[in-house]
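Here is what each chain is made of, one letter per residue.
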Amino acid sequence: MSSKWKIERRTFLKGSAGALVPLPFLNLMEARGAKSVIGSDQGRAPVRFVTLFKPNGVHPPSWNINGGTENDFRMSPLMKPFSKHKKDLLILDNMGDFGFSSHSNSTRRFLSGHHGNRKTASLDQVIAEKIGKDTTHRSLELTTEGLFVNQIGCSYISYDKKGNPLPRESDPQLVFDRLFRNPSQNPDQRKEFTSLLDRVADDARALQRRTGKEDSETLEEYFTVLRETEKRLENMATTSRSSVDYSTLNRPDTPVTLDDQVEAMLDVIAMALWTDSTRCISYMLGNSNSRLIFDFLGINRQHHYLSHFFRNFSRSNIDSLLKISLWHMEKFDSLLTRLKRYKDGRGSLLDHSVVLFGSGMGHSDNHTAQRLPIILAGQGGGMLKTDRYLRYSKNQEVGRLHLSLMQKFGIDQKSYANSSTPLPGLDGSPFEEFKERSFESWVKRGKGTITAQGRLRMSNNLDEAKVFYIDVEGKPSVRIEIGFGDFHSYNLAYHVGTPIKLSGNSGEKNGQLVINKVTGLTSLFGNSKPGKANG
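Computed from a prediction, not measured in an experiment: that's the story for all the values here. (Residues numbered from 1 in each chain as written. Predicted model: local features only at pLDDT ≥ 70, side-chain atom pairs only at ≥ 80, totals over all residues. Heavy atoms only, no water.)

Caption draft 1: Local environment of the environment of Leu273. Looking at the element boundaries, Leu273 is found in helix α9 (residues 258–274). The exposure class assigned to Leu273 is buried, which follows from its relative accessible area of 0%. Those residues in contact with Leu273, other than ones at most four positions away along the chain, are Arg48, Val50, Thr278, Arg279, Ile281, Leu339 and Leu349. (Helix = DSSP H or I, 4+ residues; strand = E, 2+ residues; numbered from the N terminus. Buried < 20%, exposed > 50% of the residue type's maximum accessible area, 1.4 Å probe, protein only. Contact = heavy atoms within 4.5 Å.)

Caption draft 2: Layout of empty space enclosed by the protein. Counted according to the given criterion, the structure contains five cavities of 30 Å³ or more. The space that makes up the second largest cavity amounts to roughly 90 Å³. Lining the second largest cavity are Val58, Pro60, Asn64, Gly362, His363, Thr368, Gln370, Arg371, Ala493 and Val496. A per-class count over the lining of the second largest cavity returns four nonpolar, five polar and one charged. (1 Å grid on protein atoms, 1.4 Å probe; cavity = no way out; pocket = protein on both sides within 12 Å on 5 of 7 lines; lining within 4 Å. Points joined across faces, edges and corners; volume = space filled by probe spheres on them. Nonpolar A, V, L, I, M, F, W, Y, C, P; charged D, E, K, R; others polar.)

Caption draft 3: Expanded view of unusual backbone geometry. The backbone of Arg371 shows a phi angle near 50 degrees, a positive value even though the residue is not glycine. Structurally, Arg371 is set in the loop between β9 (368–369) and β10 (374–377). Of note in this structure, Asp387 is not a glycine but carries a positive phi near 60 degrees. If you trace the backbone, Asp387 turns up in the loop between β10 and β11 (388–396). Judged by its relative accessible area of 23%, Asp387 falls in the partly exposed class.

Caption draft 4: The arrangement of the packing of aromatic side chains in detail. Taken as a whole and judged by the stated rule, the model has 16 aromatic pairs. Between Phe53 and Phe110, the ring centres sit 5.2 Å apart and the planes meet at 65 degrees, which makes this aromatic pair edge-to-face. Within this pair, whereas Phe53 is found in strand β3 (residues 48–53), its partner Phe110 is found in helix α2 (residues 103–112), the two being separated by 57 residues in sequence. With respect to class, Phe53 is no different from Phe110; both count as buried. (Phe/Tyr/Trp six-rings, centres within 6.5 Å; stacked < 30°, edge-to-face > 60°.)

Caption draft 5: Highlighting the packing of helix α4 (residues 172–180) against α9. Where α4 meets α9, the closest approach of the two axes is 9 Å, and the angle between their N-to-C directions is 15 degrees. As summarised for this structure, α4 and α9 are arranged roughly parallel, according to the angle between their axes. Taken as a pair, α4 and α9 cross one another with a handedness that is left-handed. Residues Pro172, Val175, Phe176, Leu179 and Phe180 of α4 pack against Gln261, Ala264, Met265, Val268, Met271 and Ala272 of α9. For the contact of α4 with α9, a count of residues per class yields ten nonpolar, one polar and no charged. (Axes fitted to C-alpha atoms, helices over the stretch in contact; angles between N-to-C directions. Parallel < 35°, antiparallel > 145°, perpendicular 65-115°, else oblique. Left-handed = near helix turned anticlockwise from the far one by under 90°.)

Caption draft 6: Focus on the sheet that holds strand β6 (residues 140–142). Strand order in the open sheet made by the seven strands is β6-β7-β3-β8-β10-β4-β11, with mixed pairing throughout. A single partner strand is all that each edge strand has here, and the edge strands are β6 and β11. Taking the axes of each pair of neighbouring strands and ignoring which way they run, one obtains an average angle of 15 degrees across the sheet. Contacts from α2 reach β3, β7 (280–284) and β8 (353–358), with the element oriented near 165 degrees to β3. (Pairing = 2+ DSSP bridges.)

Caption draft 7: Molecular detail of a nonpolar patch on the surface. Together, Leu147, Val149 and Ile152 give the surface a local cluster of nonpolar side chains, amounting to about 290 Å² of exposed area. Mapped onto the secondary structure, Val149 falls in the loop between β6 and α4. Given the relative accessible area of 67%, Val149 is considered exposed. (Patch = residues over 30% accessible without salt bridge, like charges linked within 9 Å, V, L, I, M, F, W, Y side chains within 5 Å. Areas by Shrake-Rupley, 256 points an atom, 1.4 Å probe, with all protein chains shown as cover. Salt bridge = Lys/Arg side-chain N within 4 Å of Asp/Glu carboxyl O.)

Caption draft 8: Quick look at the layout of surface pockets. Considering only enclosed or pocket space, the second largest pocket measures out at about 570 Å³ in volume. As for the second largest pocket, its lining consists of 25 residues, of which Ser393, Phe434, Arg437, Thr498 and Phe525 are closest to the centre. Listing elements by their share of the lining of the second largest pocket, those giving two or more residues are β11 and α14 (492–495). Among the elements that make up the lining of the second largest pocket, the one with the highest residue count is β11 (four residues). In terms of residue class, the lining of the second largest pocket is made up of six nonpolar, ten polar and nine charged. Residues from two domains meet in the lining of the second largest pocket; each of domain 1 (2–33 + 49–181 + 244–408) and domain 3 (442–523) gives at least three. (Domains from an automatic or database assignment.)

Caption draft 9: Structural view of the side chain of Gln370. Tracing the sequence through the fold places Gln370 in the loop between β9 and β10. Residue classification places Gln370 among the buried positions, given a relative accessible area of 8%.

Caption draft 10: How the structure looks around the confidence of the model for the protein chain. On average, the protein chain scores 86 in pLDDT, and the residues at 70 or more come to 83%. Considering only residues more than four positions removed or in separate chains, one finds that residues 182–187, a stretch of pLDDT under 50, has ten contacts. (pLDDT = per-residue confidence, 0-100.)

Caption draft 11: Fine view of the sheet that holds strand β5 (residues 98–101). With respect to topology, three strands assemble into an open sheet ordered β9-β5-β18, the strand pairing being mixed. Two strands close off the open sheet at either side, each with one partner strand: β9 and β18 (532–533). The strands that α2 touches are β5, β9 and β18; relative to β5, the one it contacts most, it runs at about 120 degrees.

Caption draft 12: Seen up close, the pattern of salt bridges. A complete count under the given rule lists 26 salt bridges for this structure. The shortest N-O distance in the salt bridge between Lys340 and Asp88 comes to 2.9 Å. Of this pair, Lys340 sits in helix α11 (residues 315–341) while Asp88 sits in the loop between α1 (60–63) and β4 (89–95); the two residues are 252 residues apart in sequence, bridging distant segments of the chain. Close ionic contact of Glu481 with Lys509 constitutes a salt bridge, the shortest N to O distance being 3.1 Å. With a gap of 28 residues between them, Glu481 in the loop between β15 (475–480) and α13 (484–489) and Lys509 in strand β16 (residues 499–509) connect regions that are remote in the sequence. Take Lys509: its relative accessible area is 38%, and that puts it in the partly exposed class. Salt bridges sharing common partners tie together Asp259, Glu263, Asp267, Lys331 and Arg338.

Caption draft 13: Focus on α2. Burial of α2 is extensive: ten of the ten residues sit out of reach of the surface. Buried residues of α2: His103, Ser104, Asn105, Ser106, Thr107, Arg108, Arg109, Phe110, Leu111 and Ser112, and no others.

This is the structure:
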């Protein structure tokens with residue numbers, strides 16, 4: 001093969017009936033002599049941006065990392081499903097800026113920086129405007145379920161430049177057709193198609209004759225994945241139809257199980273990025289306030305009900321909640337595994353991507369907008385420095401993260417949402433790391449009352465998941481067993497992990513001091529009344 005021969009990045013294989021198949025990045029697409037460096041448009045794979053939204057927050061003791069530093073940290077129990085990707089992760093902590101909020105505000109916050117940012121485009125759409133103009137599809141907006149009509153804002157994370165929600169697609173078959181087949185949305189016509197690869201076989205063989213060994217291996221892997229994806233979608237359609245006359249039925253919203261649907265969509269996402277059909281994708285694993293029932297996990301209650309683990313506490317309920325959360329983490333792992341599997345220029349698809357995973361709320365019951373679960377994965381072609389844990393010294397508005405990502409994608413943006421300074425540290429630059437501050441801890445007893453000063457924490461014992469403790473140096477911790485009214489009114493979930501002074505009515509349980517009614521709460525270093533956002 002001549003070293004001078006080169007094909008364009010936007011090259012398609014062509015076949016009969018108008019079939020077009022986009023290609024992954026090949027060495028043949030590199031300009032001769034070009035260097036693969038950030039800042040050069042030639043000789044390097046494009047950078048992609050993907051968001052994976054987890055609904056309904058987390059159980060904080062299972063998610064939060066405590067005691068770790070930037071380069072020396074242990075991933076939490078809920079992070080176990082994707083712990084093998086540690087070197088590709090940038091885990092952010094102390095993201096979020098106030099007390100608690102509604103489900104719809106939490107959803108808006110995830111990609112719009114602040115619940116009040118309602119007249120501008122979301123982060124993904126700002127980035128898509130920059131990097132998506134040369135692709136067949138500027139961006140894809142995907143989800144797992146239909147609209148939650150009682151609170152419509154719970155169903156969207158992507159918004160156009162006027163702040164209007166963008167429609168989402170939940171059927172991986174339709175997304176696949178939109179990307180790789182003729183623009184036919186009629187499921188009956190889909191049966192008339194023969195294999196997509198068969199119709200471009202001649203063009204594919206001609207290309208393979210002109211490639212080197214490495215490109216030939218990449219093409220063979222690509223064709224194998226495309227065949228497997230087609231087979232997966234065809235098998236799902238066959239299984240879901242059973243013996244029923246399909247022509248008499250409306251097409252089902254989801255294939256067989258939610259897990260099948262999501263795995264198929266992750267296949268399509270990876271294919272779309274690998275072929276450069278799009279460079280920007282947002283995917284919701286569920287609506288905030290999701291009513292999904294995970295029966296394929298043996299769970300028969302709605303996710304939203306289970307997420308309120310304080311007010312609906314039982315050991316079986318919290319076990320079910322954690323099982324659902326672990327499933328969400330497994331889907332994050334599944335996406336990263338796919339992106340690392342595919343060769344993309346001088347590296348993997350993940351090396352040339354930025355994946356934002358997380359939620360717009362922290363504590364799933366009290367809807368805290370503080371210590372939000374947020375992780376960046378991939379190096380973005382060099383824009384991020386991974387294998388680190390960044391716990392910021394103070395709560396950070398999410399808009400600072402969004403502003404920083406915009407600027408790293410080359411967008412001339414001076415402010416976003418309520419933020420005018422980018423979040424430091426993502427590329428290894430200095431940042432102010434969280435450090436413990438000294439304070440005095442003590443307990444004072446009065447007639448029927450207790451006042452304790454110390455660090456507030458949630459119990460790690462799942463059998464007492466609604467119990468809090470105040471740790472006092474040199475003395476047994478003070479146990480806090482209160483009703484939902486006190487839990488909500490004093491926003492205890494917000495203050496977890498910080499030193500406070502708490503007063504309340506006293507009692508004893510097995511010789512341990514217990515506060516069973518809160519009468520006052522003061523933060524030693526922060527905001528005692530962090531407020532709320534319509535919820």
